[in-house]
Amino acid sequence: CFTPLDVFGRPQDWVRLLAPHLRECTVYRIWNRWGPDETPPDEFIGMATIFYRQLLSGWIGEIHDVVVDEKYYRKGYGRKLTQKIFEDAERRAAELGRPIKLSLTSKPAREAANEMYLRAGFELIAHAAKVGDGYIDHATNLYLKIIKPS
């Protein structure tokens, strides 16, 4: 079950102070309402957030917090959340009549997530910085995908 948490066309006053460039935010979350017997109803499965903002160069959709509870890994929930974000961005691009550049970051250690983003059509445009055999703390890969208006 997908439920949008917050959708607002104009930022609230507190949001305007914290992020004056923010124009719209949508948060999707998945709850297990029809899960197997061993899963309690209304158990949180995962969530994803997209923030839209307008720059001089066009519209940006920043994807954040695509997270799925560990016990639901590799069951397609990350893909479903990502698809919901795409649908939201496609709707928004159609309303604007302009493309939206979607971007997201992911730690290299999240191998399954990184593979999923590539399969979903994102282009890896910047690799996390490596030092020796490991990565710099908090280093992330950067992905980009253009959503064109339909």
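Residues numbered from 1 in each chain as written. Predicted model: local features only at pLDDT ≥ 70, side-chain atom pairs only at ≥ 80, totals over all residues. Heavy atoms only, no water.

1. Let's talk about the side chain of Lys 145
For step 1, the next point in the chain: Relative to the elements of secondary structure, Lys 145 occurs in strand 9 (residues 141-147).
For step 2, the next point in the chain: No salt bridge is formed by the buried Lys 145; its nearest oppositely charged neighbour, Glu 90, is found at 6.5 Å.
For step 3, the next point in the chain: In terms of polar contacts, Lys 145 uses its side chain to reach the backbone carbonyl oxygen of Ala 120, at 2.6 Å.
For step 4, the next point in the chain: Among all residues touching Lys 145, those that are not within four sequence positions of it are Phe 86, Ile 100, Lys 101, Leu 102, Ala 120, Gly 121 and Phe 122. (Helix = DSSP H or I, 4+ residues; strand = E, 2+ residues; numbered from the N terminus. Buried < 20%, exposed > 50% of the residue type's maximum accessible area, 1.4 Å probe, protein only. Lys, Arg positive; Asp, Glu negative; His and termini not counted. Salt bridge = Lys/Arg side-chain N within 4 Å of Asp/Glu carboxyl O. Polar contact = N/O pair within 3.5 Å; in protein donor to acceptor, adjacent residues only side chain to side chain. Contact = heavy atoms within 4.5 Å.)

2. Some points on the environment of Gly 61
For step 1, the next point in the chain: Relative to the helices and strands, Gly 61 is located in strand 4 (residues 58-68).
For step 2, the next point in the chain: Linking Gly 61 and Ser 103, residues 42 residues apart in sequence, is a C-alpha distance of 6.3 Å.
For step 3, the next point in the chain: Beyond its immediate stretch of four places on either side in the chain, Gly 61 contacts Ile 50, Phe 51, Tyr 52, Ile 100, Lys 101, Leu 102 and Ser 103.

3. Here we look at the pairing of strand 9
For step 1, the next point in the chain: Judged by which residues are buried, strand 9 turns out to be one-sided: Asn 141, Tyr 143, Lys 145 and Ile 147 face inward and are buried, whereas Leu 142, Leu 144 and Ile 146, on the alternate face, are not.
For step 2, the next point in the chain: Pairing geometry for strand 5 (residues 100-106) and strand 9, over 7 bridges, is antiparallel. Paired with Leu 104 across the two strands is Tyr 143, which belongs to strand 9.
For step 3, the next point in the chain: With 3 bridges joining them, strand 6 (residues 123-126) and strand 9 adopt antiparallel strand pairing. Opposite Glu 123, over in strand 9, you have Leu 144 as the bridge partner. (Pairing = 2+ DSSP bridges.)

Any functional reading would require information that these geometric values do not contain.
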